[in-house]
Amino acid sequence: MTQLETPLQYDNGYDQDEYMMQEDEWDRDLLLDPAWEKQQRKTFTAWCNSHLRKAGTQIENIEEDFRNGLKLMLLLEVISGERLPKPDRGKMRFHKIANVNKALEFITSKGVKLVSIGAEEIVDGNVKMTLGMIWTIILRFAIQDISVEETSAKEGLLLWCQRKTAPYRNVNVQNFHVSWKDGLAFCALIHRHRPELIHYYSLKDDPLGNLNLAFDIAEKHLDIPKMLDAEDIVNTPKPDERAIMTYVSCFYHAFAGAEQAETAANRICKVLGVNQENEKLMEEYERLASELLEWIRRTTPWLENRTPEKTMAEMQRKLEDFRDYRRLHKPPKVQEKCQLEISFNTLQTKLRISNRPAFMPSEGKMVSDIASAWQGLEQAEKGYEEWLLTEIRRLERLDHLAEKFRQKATSHESWASGKELILTNKDYESASLTELRAMLRKHEAFESDLAAHQDRVEQIAAIAQELNELDYHDVAAVNQRCQSICDLWDQLGTLTQKRREALERTEKLLETVDQLFLEYAKRSAPFNNWMEGAMEDLQDMFIVHTIEEVQTLIAAHDQFKATLPEADAERQAILGIQNEVHKISQSYGVRADLTNLYSSITIEEISTKWDKVKKLVPQRDGSLQEELARQHANERLRRQFAAQANLIGPWIQTRMEEIGRCSLEMRGTLEDQMTQLKQVEHVIVTYKPNIDKLEGDHQLIQESLIFDNKHTNYTMEHIRVGWELLLTTIARTINEIETQILTRDAKGISQEQMHEFRSSFNHFDRKDRGKLRPDEFKACLISLGHVGNDKQKKNGAMDTDDFRACLISMGYDLGEVEFARIMMLVDPNATGLVSFQSFIDFMTRETADTDTAEQVVASFRILAADKPYILMEELRRELPPDQAEYCIMRMPPYAGPGAVAGALDYTAFSTALYGESDL
């Protein structure tokens, strides 16, 4: 039994004092029944003894043994677990009253209000008051703290009994008196919690036997004293409720203790389960940490190995192994490391949550140790990668240098091949002066070439030196080849110097002629290039679009013509050099071949090109003048087109604005607007020749391939689009006015109404599209007074409910279906826009007095004197001749009851007029 110093408070419909007062007032009547008093005496005495025996004492007579207050105070100390004030040990009456008052004050301090129970009554042995006091103690310490599903005390205990006995047949606990008379409820409680103590389903319909069985088992196995007599319960029509509640509360506390034990066992299992799970996590961490550290220990030496290889292929294999390590071997270990850290953090969190000491891994297996080892691995890995890349770059450079050495050596050897034979040849001894001069110049060129190859030889030697320094594996072959190249180079230098000296000795003999030929070559080549460039420029095609571009070409051509005298003087100087050679040859009797070896340009070639240049100059003059005249003609066409386009464009815009004003301002009648629009249409039609003339000018411009016109912003396409839009607009506007006139005449709408409709439509057509959106259409109807109250008309808007309510008040049914029907009338294609004509049609249908088929039938019935048919003579008598004959030709014969010869069916005819029949 759990005792609490501070009582729990539950809301059961009234406060605790009220509850206790009701119990006491109800008990006064109960205690009048001797049978109930007997049951209470026995039950309360057994209940008190079940607690007093814990203190080694008991009571025999409940009203006598509590009179001195000592055992009463002892009972309260046992059931509350608290110490009461020291009792008075005297035997006088006032000592007893003092002890009882101490007990009653303790009860009151626990929130229990004692009504009509005083210490004097207890001391005097008042049975009624003593039993009431004990019942109050039982309520407070045995029943009040019972709480089941937000109910407490009596209701909580009753609900607990109902829940526990619900699965059992023939048990229906509704109270604490008659529901327990058959004993099945007591047996069900025992079986529900201790099924091994009782065979419930073998019980018979024996209330006395069932009660005694339950009482005996409770006393023997559950340590619940026998507080009730089976005979009293069975023989009493309504057993005492207090006695039953007191006894049942003992079952609640007994089984609640068992449930607490079960809860304690579950808690221990849970704690042990958490501990076992944590130990598994610790072991798993230790295992994963050991495996990861072992892998790091095995991998690090491999990454620290820096033994170089001699070939690129071998280093590439090492690099590929490293990439496999990065791609295949390391990622799982990274995942393991991450999972290890997560597991460690999870374990520490679980230990902290479960109030366990933090986990300390084995020495060297801390997360920090693993992180340190991993960092060492990362550093080794980084160093290994850098070393690999450095070695690969080194070997790559070695291979590159070796290949470069081979290419340069091969190129140099190819160049040097045969040079030694040429340098030792004495061909200059039999050469003419021109040939000798050519040999000398050729030798000079060879010397220049030889000097140029000096760098290549030095490069070859430098590459060989670098290959030696970088420890190239085939350096011996490189050194041998380099030495051969250097020896040959020294030999070529010696032979070159000897041949130069021989050629220079012979050169002085023919130096004058040679100098003249050289001068001819130096001056003839640039002049020849100038003539070729001039011929290209004079024959160059040109494409221009403006006068300024042509004038720029003419100015450049004039500048070219100004350079012709200077070019002619240069030509004469070149011819003079050639004449001087002939003079020397004739004067000194030179027998050598006087062919100029420095130039392939002949005097005849220069003369031919010069004549062609002089012929092309006037041809270029003529072409430029023709193009200048053509550009002047194009400029005239541009100005002519621009002058007309700059007039026509604004004229079209003005007419468009004028048409818009005619359709929007609504001055005068519709006939006046029609007259005004017809006048505008006439003006537009008479303006058509100006458009045709502009088309002709545009055709000329296209034929002349003129693509731009800086004098106007209008193109022919702009003019065409504007003209077509103007024709379409005037036609559409005239058609709208004609339609409005027909509508007005057919529907009987006044001119003022048409103006009002147009004014409202234009007001809400804010974008001048000639059409309204649904919301604009609704606002327009509101502004016309078709729907809406005065305030809403002023605001120009109405919410959906008010709009529908207003229309309903005017006779419209504006449900969702009806509103959709109206929108289908004004926007049958569901475009989301309402045209003015649709708007007018709707307004005329709503405002005009429109004939219906029923009205026409009623009119015919008047003419027929209320007969269901009409005769031809009646039609001829009442209607104009042409309309009478019209009806006779189209009315079907009447075939209804009472028909006579010549009877006509005016009802079918009238419905056919409005499309309501197939006639």
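The model shown is predicted, which means the values in this text are computed figures rather than measured ones. Residue indices begin from 1 for each chain and proceed along its sequence in written order. With the structure being a predicted model, the display of local features is reserved for residues of pLDDT at least 70 and the display and counting of side-chain atom pairs for 80 or more, all residues being used for whole-chain, interface and lining totals. To obtain the side-chain values, all non-hydrogen atoms of the structure were used and water was disregarded.

**Here's the deal with the overall build of the protein**
So, step 1. Secondary structure elements follow DSSP: runs of H or I no shorter than four residues count as helices, runs of E no shorter than two count as strands, and numbering proceeds from the N terminus. The number of helices and strands found in the protein is 34 helices and four strands.
So, step 2. The buried label applies to any residue whose accessible area, calculated with a 1.4 Å probe on protein chains only, is under 20% of its type's maximum; exposed applies above 50%, and partly exposed to all values in between. Expressed as a percentage of its 919 residues, the buried residues of the protein come to 42%.
So, step 3. Taking as baseline every contact in the protein between residues at least 6 positions apart, the subset at least 24 positions apart corresponds to 72%.
So, step 4. Under the convention used here, a 1.4 Å probe and the Shrake-Rupley method define accessible areas, while residue burial counts only the protein chains that appear. Summed over its atoms, the accessible surface of the protein is roughly 50,700 Å², and 52% of this surface lies on carbon and sulfur atoms. By the convention used here, residues are in contact when the closest approach between their heavy atoms is within 4.5 Å.

**Thoughts on the pattern of salt bridges**
So, step 1. The working definition used for a salt bridge is a side-chain nitrogen of Lys or Arg within 4 Å of a carboxyl oxygen of Asp or Glu. One pass over the structure, following the stated rule, counts 51 salt bridges.
So, step 2. Across the salt bridge formed by Arg327 and Glu320, the nearest N and O atoms sit 3.9 Å from each other.
So, step 3. Glu320 sits in the partly exposed class, given a relative accessible area of 36%.
So, step 4. Each of Arg326, Lys330, Glu378, Glu381 and Glu385 takes part in one network of salt bridges that share partners.

**Remarks on the nonpolar core**
So, step 1. We call a set of buried Ala, Val, Leu, Ile, Met, Phe, Trp, Tyr and Cys residues a nonpolar core when their side-chain atoms join them within 4.5 Å. Of all hydrophobic cores here, the largest spans 83 residues; its most connected members are Trp47, Ile137, Trp180 and Phe186.
So, step 2. It is helix H7 (residues 127–143) that provides the largest number of residues to this core, a total of twelve residues.
So, step 3. Among all residues touching Trp47, those that are not within four sequence positions of it are Leu75, Ile79, Ile137, Ile138, Ala142, Met227, Thr246 and Cys250.
So, step 4. With 40 residues, the next largest nonpolar core counts Met312, Leu377, Ala464 and Cys482 among its residues.

**Quick look at the packing of aromatic side chains**
So, step 1. Stacked, edge-to-face and tilted labels apply to pairs of Phe, Tyr and Trp rings (six-membered ring for Trp) whose centres lie within 6.5 Å, assigned for plane angles under 30 degrees, over 60, and everything in between, in that order. Tallying each qualifying case throughout the model produces 34 aromatic pairs.
So, step 2. Here the aromatic rings of Tyr200 and Tyr201 are separated by 5.3 Å at their centres, their planes lie at 90°, and the arrangement is edge-to-face.
So, step 3. Following the ring pairs from residue to residue traces out a cluster consisting of Phe176, Trp180, Phe186, Phe215, Tyr247, Phe251 and Phe255.

**Here we look at the confidence of the model for the protein**
So, step 1. Think of pLDDT as the predictor's per-residue confidence, scored from 0 to 100. Looking at the protein as a whole, its pLDDT mean stands at 79, while 81% of the residues score no less than 70.
So, step 2. Scored below 50 in pLDDT, residues 809–814 makes twelve contacts in the model with residues more than four places away or belonging to other chains.

**Some details on helix H10 (residues 207–221)**
So, step 1. A helix is expected to reach a length of 1.5 Å times the quantity of its residues less one. Taking 1.5 Å as the rise per residue, H10 with 15 residues should run 21 Å; its terminal C-alpha atoms sit 21 Å apart, in good agreement.
So, step 2. Among the residues of H10, those classed as buried are Asn210, Leu211, Ala214, Phe215, Ile217 and Ala218. Across the axial projection of H10, the buried residues extend over an arc of 165°, all falling on one side.
So, step 3. Looking one or two residues beyond H10, the residue adopting positive phi is Asp223, at roughly 60°. When we speak of the arc, we mean the arc of directions from the helix axis to the C-beta atoms.

**With respect to the side chain of Ser910**
So, step 1. Looking at the secondary structure, you find Ser910 in helix H34 (residues 906–913).
So, step 2. Apart from residues no more than four positions distant in its own chain, Ser910 is found in contact with Ala853, Val856, Val857 and Phe860.

**What to know about helix H23 (residues 688–703)**
So, step 1. Across its 16 residues, H23 extends 23 Å between first and last C-alpha, which sits within 8% of the 22 Å expected from 1.5 Å per residue.
So, step 2. Turning to H23, its buried residues are Ile691, Leu694, Asp697, His698 and Ile701. Viewed end-on, H23 has its buried residues packed into an arc of 120°, placing them on one side of the element. Looking at H23, the residues exposed on the side facing more than 90 degrees away from the buried face are Pro689 and Glu703.
So, step 3. At the C-terminal side of H23, Leu705 shows a positive phi close to 60°.

**Considering the packing of helix H5 (residues 93–109) against H7**
So, step 1. Geometry is summarised by axes, namely lines fitted to C-alpha atoms with helices restricted to the contacting stretch, and by angles between N-to-C directions that run from 0 to 180 degrees. At a minimum axis distance of 11 Å, the contact between H5 and H7 shows a crossing angle of 35°. In the packing of H5 onto H7, the handedness of the crossing is left-handed. Contacts between H5 and H7 involve Leu104, Phe106 and Ile107 on the former and, on the latter, Met133, Thr136, Ile137 and Phe141.
So, step 2. Residues were grouped as follows: Ala, Val, Leu, Ile, Met, Phe, Trp, Tyr, Cys and Pro as nonpolar; Asp, Glu, Lys and Arg as charged; and all remaining residues, including Gly, as polar. Looking at side-chain class alone, the contact of H5 with H7 contains six nonpolar, one polar and no charged residues. Left-handed describes a crossing in which the near helix is turned anticlockwise from the far one by less than a right angle; the clockwise case is right-handed.

**Here we look at unusual backbone geometry**
So, step 1. With a phi close to 60°, Asp223 is a non-glycine residue in the positive phi region.
So, step 2. The phi dihedral of Asp866 is positive, around 65°, even though this residue is not glycine.
So, step 3. Residue placement: Asp866 occurs in the loop between helix H31 (853–863) and helix H32 (872–878).

**A few points about the environment of Leu351**
So, step 1. Residue placement: Leu351 occurs in helix H13 (residues 312–353).
So, step 2. Residue classification places Leu351 among the buried positions, given a relative accessible area of 2%.
So, step 3. Sequence-wise, Leu351 and Val274 are 77 residues apart; in three dimensions their C-alpha atoms are separated by 8.8 Å.

**Comments concerning the packing of helix H2 (residues 34–52) against H7**
So, step 1. It is at 11 Å that the axes of H2 and H7 come closest, and there the two elements cross at 50°. Here H2 lies oblique to H7, going by the angle between them. The interaxial crossing formed by H2 with H7 has left-handed handedness. Contacts from Glu37, Gln40, Arg41, Phe44, Trp47 and Cys48 of H2 reach H7 at Val127, Leu131, Ile134, Trp135, Ile137, Ile138 and Ala142.
So, step 2. Residues that form the contact of H2 with H7 fall into these classes: ten nonpolar, one polar and two charged. To sort the angles, those under 35 degrees are grouped as roughly parallel, those over 145 as roughly antiparallel, those from 65 to 115 as roughly perpendicular, and the leftovers as oblique.

**Some remarks on the side chain of Lys318**
So, step 1. Its place among the elements puts Lys318 in helix H13.
So, step 2. Residues adjacent in sequence count toward polar contacts only when both atoms are side-chain atoms; beyond that, a polar contact is any pair of N or O atoms within 3.5 Å, and within protein one must be able to donate a hydrogen and the other to accept it. At 2.8 Å, the side chain of Lys318 and the backbone oxygen of Thr307 are in polar contact.
So, step 3. Leaving out residues up to four positions away in the same chain, Lys318 has contacts with Thr307, Glu309, Tyr384, Trp387 and Leu388.

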